[in-house]
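# Geometric and topological summary
The residues making up each chain are set out below.
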Amino acid sequence: MSTMTASAPVSRSTQDKLIIFDTTLRDGEQSPGVTLHIQEKIEIAKQLSKLGVDVCEAGFPVASEGDFAAVERIAKEVGPLMVNREKLGKPMIICGLARAVKNDIQRAYDAVKHAPLHRIHTFLATSDIHLEHKLRISRDECIARATEAVRFAKSLCNDVEFSPEDSGRSDPEFLCKVLGAVIAAGATTLNIPDTVGYNTPDEYGRIIHYLIQHTPGADKVVWSTHCHNDLGLATANTLSGIMNGARQVEVTINGIGERAGNTALEEVVMALYTHPKTFPVYSHIDTQQIFRTSQLVANKTGMAVQANKAIVGANAFAHESGIHQDGVLKHQATYEIINPSVVGVPSNSLVLGKHSGRNAFRTRLTQLGYHLSEAEFQRAFERFKRTADSKKAVTDTDIVAIIDDELGALSQTPAIELRNVQVTSGTGVIATATVEVVSTDPVDGTESVQVDAAISRNGPIHAVFKAIERLVDVNVTLLQYEVRAVSGGSDGDALGQVSVKLCDVQLPHIHFNGTATDTDVVLASARAFMAAINRMILHSRAHGEKAANGENGVAAKTGVEGAEVIDRRKVGV
Ligand code: KIV
Ligand code: ZN
């Protein structure tokens, strides 16, 4: 056994390229409590493209007008992008999910067709438990429906993926019949979902092996894994699928998804990277983009990454025990199998200060893996200068935090902008906050400035939140409020990152997140709160009436894993 820390695969001549199919924006968005606004979905899709993802499942277009619009815009705006994709030599394939129903398939196609490379992914359950109790159809009818759906999808688009839902609990012989029929109908990728996260690694590997051996036409298609993490086995099952012939993996960033989530992209990619000779495949993921992508998804979805999460958790590279610290200082590989910089974890060493100029900042950003437009760079540089004025030591960790904060703000035009915040507070004093906001009329673009003040016995942050609520005329419930120090500061000048999760009191099931970073945590709190409220406003503008009866937030989400839950009138079946 080698004691060396692994690097990239040694020889690729005998290895196959593994197709990385990311479903963060579809299965991942089905995580309880997650609602992403269209602009946030576009931002995440852009980052997935930079990360080197091959296929991006951008959503479930038939589920709602909002889902359709998001997939369509991703197809148009992200589909053609080639930033950081030189190794891949082609843009991301944009994919839309559809049940095995004509109308779903047509909607999926209409949304993805704008991307230079696009795919329709259609699915139908095949386990007896789903056929009997959910769909109430016979096995023969199941084969007929699956075949018809794939044939219709193929008439629209060359690249067609089929998933027999709940494959992990389906009769393998019956699966071979369904899969043989859909191959004959034109499917190009066959995905084998362990929908309920029931399988063990051996069992899942055997299923993949059996299907490849016994399905007529198996050699004409790409076989794919799709594992859920109910038993904490999703990554192990996925790797077992690869060992048994799968050449596509369906994964999400941070492993988010229905219930216990899906296989985490970063875990599979880094397992391959760390064991370059063990697996018969390699990927073109730019590992240095992993940490940034993880942070972006965590910030936008409001699903914090657990501290001990493999690869991207805050403790993944932290060494607490003295023996470990001593070992790592003497030789990094004593207790670290992955160098944190390989996955883009920024270091806490001092790199830049207030005298650093544009060139030094630009060089550092490139080293950290950023690809910014000139406008983004300008804004990032101004923010860096402001930070360097109030914080002596600007570390890589600080740079990543402020750039992500700034670019996040740049990517979304706020409905209401926070202009000024002033607070007074202290011992024995009731906290007072005065807040000034500017709102822009969505129709004629006129601006109006409003100022209001609020008091609170619970301190300045509560007073700020109350003032903002009054100004914006909303009534929200604060579900979560967290402050974390981004990096150390020698004079108590560490950057504070605030995350807020809230909901409209009338719509408790739709949650909105906001994050902001500043050396002043009151200001960061105000901006994070305002960002979450802006998302709420933009969401209700986009969804109008539907938001009010919860259709978009709940019915559309639950629909995928239990298709019968979808409001049938809404999807027209
Ligand atoms: O888990 C599952 O079965 C799915 C399918 C829609 C592919 O997500
Ligand atoms: Zn799934």
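Residues numbered from 1 in each chain as written. Chains lettered and ligands numbered in written order. Predicted model: local features only at pLDDT ≥ 70, side-chain atom pairs only at ≥ 80, totals over all residues. Heavy atoms only, no water.

Here is the rule we go by: UniProt positions are given in the numbering used here, feature names are shortened, and annotations may be inferred rather than shown by experiment.
Going by the annotation in an unreviewed UniProt entry, the name recorded for the protein chain is 2-isopropylmalate synthase, with Allomyces macrogynus given as the source organism. Taken directly from UniProt, the Sequence similarities (unreviewed entry) text for the protein chain runs: "Belongs to the alpha-IPM synthase/homocitrate synthase family. LeuA type 1 subfamily." A UniProt comment under Pathway (unreviewed entry) is attached to the protein chain, and it reads "Amino-acid biosynthesis; L-leucine biosynthesis; L-leucine from 3-methyl-2-oxobutanoate: step 1/4."

### Describing the sheet that holds strand β13 (residues 416-426)
Note the cut-off: One bridge is not enough; two strands pair if DSSP finds at least two bridges between them. A run of H or I in DSSP becomes a helix once it reaches four residues, and a run of E becomes a strand once it reaches two; helices and strands are each numbered from the N terminus. Axis angles are defined between N-to-C directions and span 0 to 180 degrees, where every axis is a line fitted to C-alpha atoms and, for a helix, only to the segment in contact. For this analysis, residues touch if any pair of their heavy atoms sits within 4.5 Å.
The three strands are arranged β13-β14-β15 in an open sheet whose pairing can be described as antiparallel. Only two strands of the sheet have a single partner each, and these edge strands are β13 and β15 (447-456). Each strand of the sheet is rotated relative to its neighbour by a mean of 10°, with strand direction disregarded. Where strand β14 (residues 429-440) lies against β15, ten bridges are found, and the strand directions are antiparallel. Bridging from a neighbouring strand, glutamate 436 pairs with valine 451 of β15. Strand contacts of helix α15 (residues 460-472): β13, β14 and β15, with the helix running at about 140° to β15, the strand carrying the most contacts.

### Brief notes about the coordination of the zinc ion (ligand 2)
Where we set the bar: In this analysis a donor is any N, O or S atom within 2.8 Å of a metal ion (3.2 Å for sodium, potassium and calcium), and since water is not included, sites may seem incomplete. Any residue under 20% of the maximum accessible area for its type is buried, any over 50% is exposed, and the rest in between are partly exposed; the area is computed with a 1.4 Å probe on protein chains only.
Surrounding the zinc ion (ligand 2) are the protein donor atoms Asp27 (OD), His226 (NE2) and His228 (NE2), which sit 2.0 to 2.2 Å from the metal. In terms of primary sequence, the donors binding the zinc ion (ligand 2) are separated according to D-x198-H-x1-H. Here histidine 226 matches histidine 228 in class, with each residue buried.

### Describing the site of ligand 1
Selection criterion: Neighbouring residues are identified by heavy atoms, a residue being near a molecule or strand if any of them is within 4 Å of it. In protein, a polar contact requires one atom able to donate a hydrogen and another able to accept it; more generally it is a pair of N or O atoms within 3.5 Å, and residues adjacent in sequence count only if both atoms are side-chain atoms. In this classification, Asp, Glu, Lys and Arg are treated as charged, Ala, Val, Leu, Ile, Met, Phe, Trp, Tyr, Cys and Pro as nonpolar, and every other residue, Gly included, as polar.
Inspection of the region around ligand 1 gives 13 residues, with Arg26, Asp27, Thr195, His226 and His228 positioned closest. Between ligand 1 and the protein, one listed contact pairs an oxygen atom with a side-chain N or O atom of arginine 26 at 2.9 Å. Within the side chain of threonine 195, one N or O atom sits 2.6 Å away from an oxygen atom of ligand 1. Of all the elements in the fold, those that place two or more residues in the shell around ligand 1 are β5 (118-125), β6 (160-165) and β7 (189-194). Per-class residue counts for the shell around ligand 1 are three nonpolar, six polar and four charged.

### Brief notes about empty space enclosed by the protein
Heads up, the condition is: Cavity means a closed set of points on a 1 Å grid over the protein atoms alone, one where a 1.4 Å probe fits but cannot get out, pocket means an open set with protein on both sides within 12 Å along at least 5 of 7 lines, and lining means a residue has an atom within 4 Å of a point. Grid points are joined across faces, edges and corners, and a volume is the space filled by probe spheres set on the points. For the purposes of this description, domain bounds are those given by an automatic or database domain assignment.
Under the criterion given, the structure shown has two cavities of 30 Å³ or more. Its boundaries defined by the atoms lining it, the second largest cavity holds a volume of some 40 Å³. Along its surface, the second largest cavity is lined by Thr35, Leu36, His37, Glu40, Phe512, Asn513, Arg535 and His539. Contributing elements (two or more residues each) for the lining of the second largest cavity: β18 (512-518) and α16 (521-549). A breakdown of the residues in the lining of the second largest cavity according to their chemical character gives two nonpolar, four polar and two charged. When residues of the lining of the second largest cavity are sorted by domain, at least three fall in each of domain 1 (14-301) and domain 3 (416-542).

### Side note on the environment of glycine 52
Among the secondary structure elements, glycine 52 is positioned in the loop between α1 (38-51) and β3 (55-59). Using a relative accessible area of 1% as the deciding quantity, one classes glycine 52 as buried. For glycine 52 and methionine 92, which are 40 residues apart along the polypeptide, the C-alpha to C-alpha distance reads 8.0 Å.

### Remarks on the sheet that holds β7
Around the barrel, which closes on itself, the eight strands sit in the order β2-β3-β4-β5-β6-β7-β8-β9 with parallel pairing between neighbours. Shown here is a sheet whose adjacent strand axes are inclined to one another by a mean of 25°, direction ignored. Where helix α3 (residues 102-112) meets the sheet, it contacts β4 (93-99) and β5, and its direction lies at approximately 165° from that of β4.

### Here's the deal with the side chain of threonine 126
With respect to the helices, strands and loops of the structure, threonine 126 is situated in the loop between β5 and α4 (128-135). For threonine 126, a relative accessible area of 1% translates into the label buried. A distance of 2.8 Å separates polar atoms of two side chains, one belonging to threonine 126 and the other to serine 170.

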